[in-house]
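# Structural overview for review
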Amino acid sequence: MRRAVGLTLIELLVVLAITGLLLGIGAFALTSLHGKTRAQGYLHALGEAIQQATSQANAQNQLYALILSPQGFSWGPISSSSISACEASQPTLSSVVSSDPLPPGLSQTTGWLCISPPGLIHHLSSLSSTCTYQGYSVTCIQLSGTNFQASILVSDTGGVLLQ
């Protein structure tokens, strides 16, 4: 009596179950990696926005503001020429030079920064987050989500450091 050559139904089902499991794990890892990449892209865009606003405030000899909200950030010149406009409440942008939406699943520090010529940052106190850098407590913008935590340290001269 000859035995038929090939796979039994049980063997075929085991192979399909293992393949499905491996594909599921791979898809989850790829989705997680894509989310981290979007978060890092947003973080870099925010750091560049602070530096660009600082540069524009100096070049245009005008007050600029960077607004951080739960939806993302935007920056541009403000209508007031007095730095006191930044002290009491969030300033209004006279035009938006650039904005970026916050990627889904992330949250960030909210508040605002005012930038005056020659590129000095005011009202860092509106950012309630502080981070430790080389033993010092520094004002920062924090970005967090599932499996992601990062910060941008901001100096009063417009310097930023991604951490």
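Here's what I pulled together on the structure shown here. (Residues numbered from 1 in each chain as written. Predicted model: local features only at pLDDT ≥ 70, side-chain atom pairs only at ≥ 80, totals over all residues. Heavy atoms only, no water.)

## As for the overall build of the chain
When you go through the chain residue by residue, the secondary structure sums to 1 helix and 10 strands. Taken from the N to the C terminus, the helices and strands of the chain come in the order α-β-β-β-β-β-β-β-β-β-β. Going through the 163 residues of the chain one by one, you find that 34% of them count as buried. Looking at the chain alone, contacts between residues at least 24 apart form 52% of all its contacts between residues at least 6 apart. Surface exposure of the chain reaches about 9700 Å², of which carbon and sulfur atoms provide 58%. (Helix = DSSP H or I, 4+ residues; strand = E, 2+ residues; numbered from the N terminus. Buried < 20%, exposed > 50% of the residue type's maximum accessible area, 1.4 Å probe, protein only. Contact = heavy atoms within 4.5 Å. Areas by Shrake-Rupley, 256 points an atom, 1.4 Å probe, with all protein chains shown as cover.)

## Here we look at the state of the cysteines
In the structure shown here, the tally under the stated rule is 1 disulfide. A disulfide bridge connects Cys131 with Cys140, and the sulfur atoms are separated by 2.0 Å. Disulfide Cys131-Cys140: torsion about the S-S bond near 65°, hence right-handed. Classification of Cys131 by relative accessible area gives buried; the value is 7%. (Disulfide = S-S within 2.5 Å.)

## Quick look at the nonpolar core
Soluble globular proteins tend to bury their nonpolar side chains together. By size, the foremost hydrophobic cluster in this structure holds 25 residues, and its most contacted members are Leu46, Ile50, Leu66, Phe73 and Ile141. Contributions of two or more residues to this core are made by α1 (9-60), β1 (64-69), β2 (72-77), β5 (111-116), β8 (136-145) and β9 (148-154). Among the elements that line this core, the one with the most residues is α1, at 8 residues. Not counting residues within four places of it along the chain, the set of residues in contact with Leu46 comprises Leu66, Leu68, Phe73, Gln108, Ile141 and Ile152. Among the nonpolar cores identified, the runner-up in size contains 8 residues, and Leu63, Ile78, Leu93 and Trp112 belong to it. (Core = buried A, V, L, I, M, F, W, Y, C linked by side-chain atoms within 4.5 Å.)

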